[in-house]
Amino acid sequence: MNKKTLKDVDVKGKRVFCRVDFNVPMQDGKITDETRIRAALPTIQYLIDQGAKVILASHFGRPKGKVVEEMRLTPVGVRLSELLGKNVQKADEAYGDSVKSIIESMNEGDVLLLENVRFYPGEEKNDPELAKSFAELADVYVNDAFGAAHRAHASTEGIAHHLPAVSGLLMEKELDVLGKALSNPERPFTAIIGGAKVKDKIGVIENLLEKVDNLIIGGGLAYTFIKAQGHEIGKSLLEADKIDLANSFIEKAKEKGVNFYMPVDAIVADDFSADANSKEVAIEEIPADWEALDIGPKTREIYREVIQKSKLVIWNGPMGVFEIDKFAGGTKAVAEALAEAEGTYSVIGGGDSAAAVEKFNLAEKMSHISTGGGASLEFMEGKELPGVVALNDK
Ligand SMILES: Nc1ncnc2c1ncn2[C@@H]1O[C@H](COP(=O)(O)OP(=O)(O)OP(=O)(O)O)[C@@H](O)[C@H]1O
Ligand SMILES: O=C(O)[C@H](O)COP(=O)(O)O
């Protein structure tokens, strides 16, 4: 990476504004998945060990510039304190005199968690005044929020123009893994693209078609491709305006010598629900009144074989409606194939695929699970991430 990292600056005794992504799933004030908090621990612990005064900032949810009581970061502070095994002070604001006076009383190695930065309208607008107010709190800026690096906000981008600005250890790792995969992949290199819509994955498919040896398609978006091949798809998800594009991807794959894999069979249902009737059918036999909600067993086997022969696999998006057990089999089969494949480096591109891998208790078996959903998608599209661009060059 050509950006300065935490290791390039001296933080002893310094006030460090460290942007993390503590936007964790929460239900009734309880954190339901703490992966993102755990992923930020190495940077926080490093700062503590170096004797920095650690000022943590994060967004949580989408409060739209107003204080929303349920979106305070208090529960995150409590859990962080337990995980670090030390007191984490929590501020009720994210800048200003009250925060400054807390920071004045901090000792080296102390940790302060600021309030949700999205309580202020200037955050998402990347307001220069708010960025300056954040910068006034600190001597050094560390961005460890890979999950929010695709956002040009005051705490992810604006602030970097006012302080020495470096990446944290998680940010560095994410950029290294994803960067190496895209610039210098071990081959055979396979991408598995699933999820609901073609529309959301156009950029990723376009960019990956230039790089991979195998492109595997699954999930709801696969059926626009199946339709493009001239088959009827019943009530399965269809983006009619993307049929031509789907065909152009298939053509481009041929030109580039990329093996393009689509489902050859599916699990179809007479309703989008857990108690629907369901059955396996060949892909050209989807009944008119049914919808395909998962890839079928033959497809799973083909995909498993491709995965096993790959040296590197990037996976983004589930193969079916994995939230309903009946339609989770295809996504589970892909996750298991990745877990079992020896010598295959597996990169899970965040969001729903990461949630699926967690659900099947296979997270430990993956080589890298990105903490970024939207951010990893934009990275895989080949876009520059504003939160990274703004950091100091080496
Ligand atoms: N065959 C299908 N029919 C309808 N919906 C499907 C089908 N296959 C998968 N889905 C749905 O697609 C959704 C995930 O799509 P999405 O595009 O958001 O995935 P993702 O890219 O992994 O998400 P993220 O952007 O969070 O990383 C899931 O809720 C899943 O139920
Ligand atoms: O969960 C995420 O993908 C990040 O925390 C970014 O959140 P956002 O989509 O609300 O900007």
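For the structure, check the block above.
This section reports on the structure supplied with the text. Please read all numbers here as calculations on a predicted model, not as lab measurements.

**Some details on unusual backbone geometry**
Inference 1: Cis peptide bonds are those with omega within 30 degrees of zero, and the linkage from R187 to P188 qualifies with 0°.
Inference 2: Considering the arrangement of structural elements, one finds P188 in the loop between α6 (169-183) and β9 (189-193).
Inference 3: A positive phi angle, close to 60°, is found at K64, a residue other than glycine.
Inference 4: As for its placement among the helices and strands, K64 is situated in the loop between β4 (53-57) and α2 (74-84).
Inference 5: With relative accessibility at 68%, the residue K64 sits in the exposed group.

**Digging into the nonpolar core**
Inference 1: Grouped together as the largest cluster of nonpolar side chains are 51 residues, with contacts concentrated most on L215, I217, Y223, F225 and F260.
Inference 2: If we skip the residues at most four places from it in the chain, Y223 touches I233, S236, L237, A266, I283, I286, A292, D294 and I295.
Inference 3: Counting residues in each nonpolar core, the second largest holds 29 residues, with V20, F22, I48 and L169 among its members.

**Quick word on the sheet that holds strand β12 (residues 265-269)**
Inference 1: Spatially, β13-β12-β14 is the arrangement adopted by the three strands of the open sheet, whose pairing is antiparallel. On the outer flanks of this sheet lie β13 (278-282) and β14 (291-295), each paired with one strand and no other. Within this sheet the neighbouring strands show an average axis-to-axis angle of 40°, counted without direction.
Inference 2: Pairing geometry for β12 and β14, over four bridges, is antiparallel. Residue pairing for β14: A269 is matched across the bridge by E291.

**Overview of the site of ligand 2**
Inference 1: Near ligand 2, the surroundings consist of D21, N23, R36, H59, R62, R118, G147 and R151.
Inference 2: The contact in question runs from an oxygen atom of ligand 2 to an N or O atom on the side chain of D21, over 2.9 Å.
Inference 3: Contact distances for ligand 2 include 2.6 Å between an oxygen atom and a side-chain N or O atom of R62.
Inference 4: Considered on its own, ligand 2 offers 310 Å² of accessible surface; in the complex 85% of this is hidden by protein.
Inference 5: For the shell around ligand 2, the residue count by class is no nonpolar, three polar and five charged.

**What to know about the sheet that holds strand β5 (residues 88-90)**
Pairing between the strands of a sheet comes from backbone hydrogen bonds, and it takes one of two forms, parallel or antiparallel.
Inference 1: If you trace the six strands from one edge of the open sheet to the other, you get β5-β6-β4-β1-β7-β8, paired in parallel fashion. Looking along the sheet, the strands with just one partner apiece sit at the ends: β5 and β8 (165-167). Here the strands of the sheet are splayed against their neighbours by 25° on average, with no regard to which way each runs.
Inference 2: For β5 and strand β6 (residues 111-113), the ladder comprises three bridges, and the chain directions are parallel. Bridge pairing in β6 links Q89 to L112.
Inference 3: With respect to the sheet, helix α3 (residues 97-104) is in contact with β1 (15-19), β4, β5 and β6, its orientation differing from that of β6 by roughly 165°.

**Considering the site of ligand 1**
Inference 1: Lining the immediate environment of ligand 1, one finds 20 residues, of which A196, K201, G220, A292 and E323 sit closest.
Inference 2: Taking N316, its side chain carries an N or O atom lying 3.5 Å from an oxygen atom of ligand 1.
Inference 3: Protein contacts shield 80% of the accessible area of ligand 1, which totals 650 Å² for the unbound molecule.
Inference 4: Taken together, the elements giving at least two residues each to the shell around ligand 1 come down to β14 and α12 (351-359).
Inference 5: Element by element, the count of residues in the shell around ligand 1 is highest for α12, at three residues.
Inference 6: Of the residues contributing to the shell around ligand 1, the split by class is eight nonpolar, nine polar and three charged.

**What about α2?**
Inference 1: For α2, the full list of buried residues reads V76, G77, L80, S81 and L84. Taken down its axis, α2 places every buried residue within 135° of arc, on the same side.
Inference 2: Buried residues belonging to α2 abut β2 (26-27), β3 (30-31), α1 (35-49), β4, β5 and β6.
Inference 3: Directly beyond the C-terminal end of α2, a positive phi value near 70° is found at G85.

**So, empty space enclosed by the protein**
Inference 1: Under the criterion given, the structure shown has one cavity of 30 Å³ or more.
Inference 2: As a volume, the largest cavity reaches approximately 50 Å³.
Inference 3: Around the largest cavity, the lining residues are V20, D21, R36, A40, D144, F146, G147, L170 and T371.

**A few points about the pattern of salt bridges**
Inference 1: Per the counting criterion, the structure on display carries 25 salt bridges.
Inference 2: We note a salt bridge from R79 to E82, for which the minimum N-O separation is 2.6 Å. Here R79 and its partner E82 are both found in helix α2, three residues apart, which amounts to about one turn of the helix.
Inference 3: E336 is the partner of K332 in a salt bridge, and the nearest nitrogen-oxygen pair spans 3.9 Å. Separated by four residues within a single helix, K332 and E336 lie in helix α11 (residues 329-340), roughly one turn from each other.
Inference 4: A relative accessible area of 36% places K332 in the partly exposed class.
Inference 5: One salt-bridge network, in which partners are shared between bridges, spans E34, R38, R79 and E82.

The rules behind these values
- Residues numbered from 1 in each chain as written.
- Chains lettered and ligands numbered in written order.
- Predicted model: local features only at pLDDT ≥ 70, side-chain atom pairs only at ≥ 80, totals over all residues.
- Heavy atoms only, no water.
- Helix = DSSP H or I, 4+ residues; strand = E, 2+ residues; numbered from the N terminus.
- Buried < 20%, exposed > 50% of the residue type's maximum accessible area, 1.4 Å probe, protein only.
- Core = buried A, V, L, I, M, F, W, Y, C linked by side-chain atoms within 4.5 Å.
- Contact = heavy atoms within 4.5 Å.
- Pairing = 2+ DSSP bridges.
- Axes fitted to C-alpha atoms, helices over the stretch in contact; angles between N-to-C directions.
- Near = heavy atom within 4 Å.
- Polar contact = N/O pair within 3.5 Å; in protein donor to acceptor, adjacent residues only side chain to side chain.
- Areas by Shrake-Rupley, 256 points an atom, 1.4 Å probe, with all protein chains shown as cover.
- Nonpolar A, V, L, I, M, F, W, Y, C, P; charged D, E, K, R; others polar.
- Arc of directions from axis to C-beta.
- 1 Å grid on protein atoms, 1.4 Å probe; cavity = no way out; pocket = protein on both sides within 12 Å on 5 of 7 lines; lining within 4 Å.
- Points joined across faces, edges and corners; volume = space filled by probe spheres on them.
- Salt bridge = Lys/Arg side-chain N within 4 Å of Asp/Glu carboxyl O.

What is shown is where atoms sit, not what they do.
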